[in-house]
Amino acid sequence: NYELIIIFGNGTEQTTIVNSTEYTVSLSAINSPYTIRAVTRFTIVEHSNSSFVFEAQSESVSLTLSSCGSNMFGGFNGSVCVSCPDNSVNEGGYTIGSCECGAGYTGQDGGPCVACTEDTYKAVIGNSSCQPCPNKTGSIRGSTSCSCANGYELIADNCAACGRNYYKNTTSNATCTQCPTYSNTTGSASTSLSDCECTFSVDNANNSSCYAFQSTPVIVNTTRLFTWVVIFWEPLSSVLDRNGNNRGLVFGYSVAYQLSGDPNNSESYDVPAGPFFFNITNLQNESQYIISVSALNNDSNKGPPATIIVTTLSVDRPIIDRVIAYSNSVIGVEWTISSSVLNLVGFNVYVTGVGAPQNSISFNGTSNTFINITDLLASTTYTVTVSTVFDGGQEGNLSPPETVTTLDAVCTPSCPFGGVCIVPPNTCNCSSLISTGGSVDCYGGRVNSSCECTCYDGLFVGGSCSDALYGPIVLVSPSSNGRDVNVTIQPPSPVVSSASIVNYELIIILGNGTEQT
């Protein structure tokens, strides 16, 4: 047999007689040294049938066990404790095999452990497989249990379909959510807010906001200063639903504002049906606000809003009202500045983009807040900013930038004979036609590099070269003395407008061929 001897750190010896070559010993004292050795006893039978026993002992083995915390393994004979693989757990152990896949995960002991797929679950720790969820239930990845599926809620331990006008868009045991006001579903077990269709107004994104009618005011103008805004809108007499049915008279309007990015900085006001404007005061200067106007019918129900974004003015920062592309080379810039700015003497206008002026455009005076910028390139985007200039030359803050794109290249009238429009300076070019030896019939003449028709003789007048030459008219009459001749020269008819008459040359050819000029 074998004898297993364990000597504890305090000198206590434990001896066990075993019949197998593997034996499990529970060692409860942590961080204490152990000495372990084994004895094998042999029985020898002599020829005389007598026998005797001798023994052989193993070498002693020293052992120290350390305590690893939960979800860690190691500490065997001084080894370092390390974490269990992802998604596996234990209560402390010496090898990686002590780490078992946690609830919601499956795999062999020691990992890897993978999450249970959607609509499956695993409630226990270990290497068991994930189980499918029962009917009308579902789960997300890595679930330890199943919950009522989308469109179903938990009622008396059973999953029941959401009723009409209710929906549920999560896999959970939460209750179904009622559709927003003025919306409903067409059936049961609805799974999304978008299943709630607006009854009277046009469906919007997710149908999160439905209204008692569809009619919306039209915002026509705003006036803004640095702490308040006046908003104007066109009146409505009655309101209609999405199908054109009358939903009542307009009782008034609801005006609301919110500071962009700050839902807590907001306010709303109910105003009567006339006048059709409203002053919003006590705003922050140089701030962007979202302002909306909604109609109210005689049941005080609100319709969909008309919305506009307005930026209040800065004390010393201009606000560009508009940038307009007038042509393929000219843009106009108009801006506003608060009337409370002191010591203001002028403005600087900056333009960036291909072909833009190299320096800012500076001018004195505060009454003019509009400028045209010329000699730009066609079909090119430019960014414009405006700054204030104070007494002494100090420059104020730049306005928020605005962009504009010049119009496409165009020649008026369009280039004839297949010429190319060059912008700027808005001229036609037919050089490519000439360089390729092209010959275009232009009423008896030839096209030049500027796409003009040139005649071989004279000017191009009246649409043809054949009518280009008009000479003066000569009238001859006898003089009163009977010997001299009166010669009258009249201008050409018609007069060629593209040429000016400098003088006349009178040629007299005598009978013998002598010429007198």
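Preceding block: the structure.
Here we summarise the structure given alongside this text.

### Points about the overall build of the chain
For step 1, the next point in the chain: Of regular secondary structure, the chain possesses one helix and 45 strands.
For step 2, the next point in the chain: Sorting the 517 residues of the chain into buried and exposed places 31% on the buried side.
For step 3, the next point in the chain: Taking contacts inside the chain between residues at least 6 apart in sequence as the whole, the part at least 24 apart equals 40%.
For step 4, the next point in the chain: With the model as given, the accessible surface of the chain reaches about 30,200 Å², and the carbon-plus-sulfur share is 49%.

### As for the state of the cysteines
For step 1, the next point in the chain: Across all of its chains, the model carries ten disulfides by this definition.
For step 2, the next point in the chain: One disulfide bridge connects Cys68 with Cys81, the sulfur atoms lying 1.9 Å from each other. For the disulfide bridge between Cys68 and Cys81, the dihedral angle about the S-S bond is near -85°, and by the sign convention the bridge is left-handed. With Cys68 in the loop between strand S5 (61-64) and strand S6 (72-73) and Cys81 in the loop between S6 and strand S7 (82-83), this pair connects stretches of sequence that are 13 residues apart.
For step 3, the next point in the chain: The partly exposed category is assigned to Cys81, whose relative accessible area is 26%.
For step 4, the next point in the chain: Note on cysteine connectivity: Cys162 is disulfide-linked to Cys176, with sulfurs 2.0 Å apart. The sign of the -80° torsion about the S-S bond sets the Cys162-Cys176 disulfide as left-handed. Of this pair, Cys162 sits in the loop between strand S17 (158-161) and strand S18 (166-167) while Cys176 sits in the loop between S18 and strand S19 (177-178), and the two are 14 residues apart along the sequence.

### Description of the sheet that holds strand S34 (residues 370-373)
For step 1, the next point in the chain: If you walk across this open sheet you meet the three strands as S30-S31-S34, and the pairing is antiparallel. Strands at the two margins of the open sheet, each flanked by one partner only, are strand S30 (319-325) and S34. Across the sheet, the mean angle separating the axes of adjacent strands is 20° when strand polarity is ignored.

### Some remarks on the packing of aromatic side chains
For step 1, the next point in the chain: For the structure on display, the rule yields seven aromatic pairs.
For step 2, the next point in the chain: Ring plane angle 65° and centroid distance 6.3 Å describe the contact between Tyr182 and Phe200, whose orientation is recorded as edge-to-face. With a gap of 18 residues between them, Tyr182 in the loop between S19 and strand S20 (183-184) and Phe200 in the loop between strand S21 (197-198) and strand S22 (218-224) connect regions that are remote in the sequence.
For step 3, the next point in the chain: Classification of Tyr182 by relative accessible area gives partly exposed; the value is 25%.
For step 4, the next point in the chain: Three or more aromatic residues joined by ring pairs make a cluster, and in this case those are Trp233, Tyr253 and Phe276.

### So, a nonpolar patch on the surface
For step 1, the next point in the chain: A contiguous nonpolar surface patch, about 730 Å² in accessible area, is contributed by Val474, Val476, Val485, Val487, Ile489, Tyr504, Leu506, Ile508 and Leu510.
For step 2, the next point in the chain: Elements that contribute at least two residues to the nonpolar patch include exactly strand S42 (473-478) and strand S43 (485-490).
For step 3, the next point in the chain: The leading source of residues in the nonpolar patch is S43, at three residues.

Parameters at a glance
Residues numbered from 1 in each chain as written. Predicted model: local features only at pLDDT ≥ 70, side-chain atom pairs only at ≥ 80, totals over all residues. Heavy atoms only, no water. Helix = DSSP H or I, 4+ residues; strand = E, 2+ residues; numbered from the N terminus. Buried < 20%, exposed > 50% of the residue type's maximum accessible area, 1.4 Å probe, protein only. Contact = heavy atoms within 4.5 Å. Areas by Shrake-Rupley, 256 points an atom, 1.4 Å probe, with all protein chains shown as cover. Disulfide = S-S within 2.5 Å. Pairing = 2+ DSSP bridges. Axes fitted to C-alpha atoms, helices over the stretch in contact; angles between N-to-C directions. Phe/Tyr/Trp six-rings, centres within 6.5 Å; stacked < 30°, edge-to-face > 60°. Patch = residues over 30% accessible without salt bridge, like charges linked within 9 Å, V, L, I, M, F, W, Y side chains within 5 Å. Salt bridge = Lys/Arg side-chain N within 4 Å of Asp/Glu carboxyl O.

In short, the description is geometric, and any link to function would need to be established separately.
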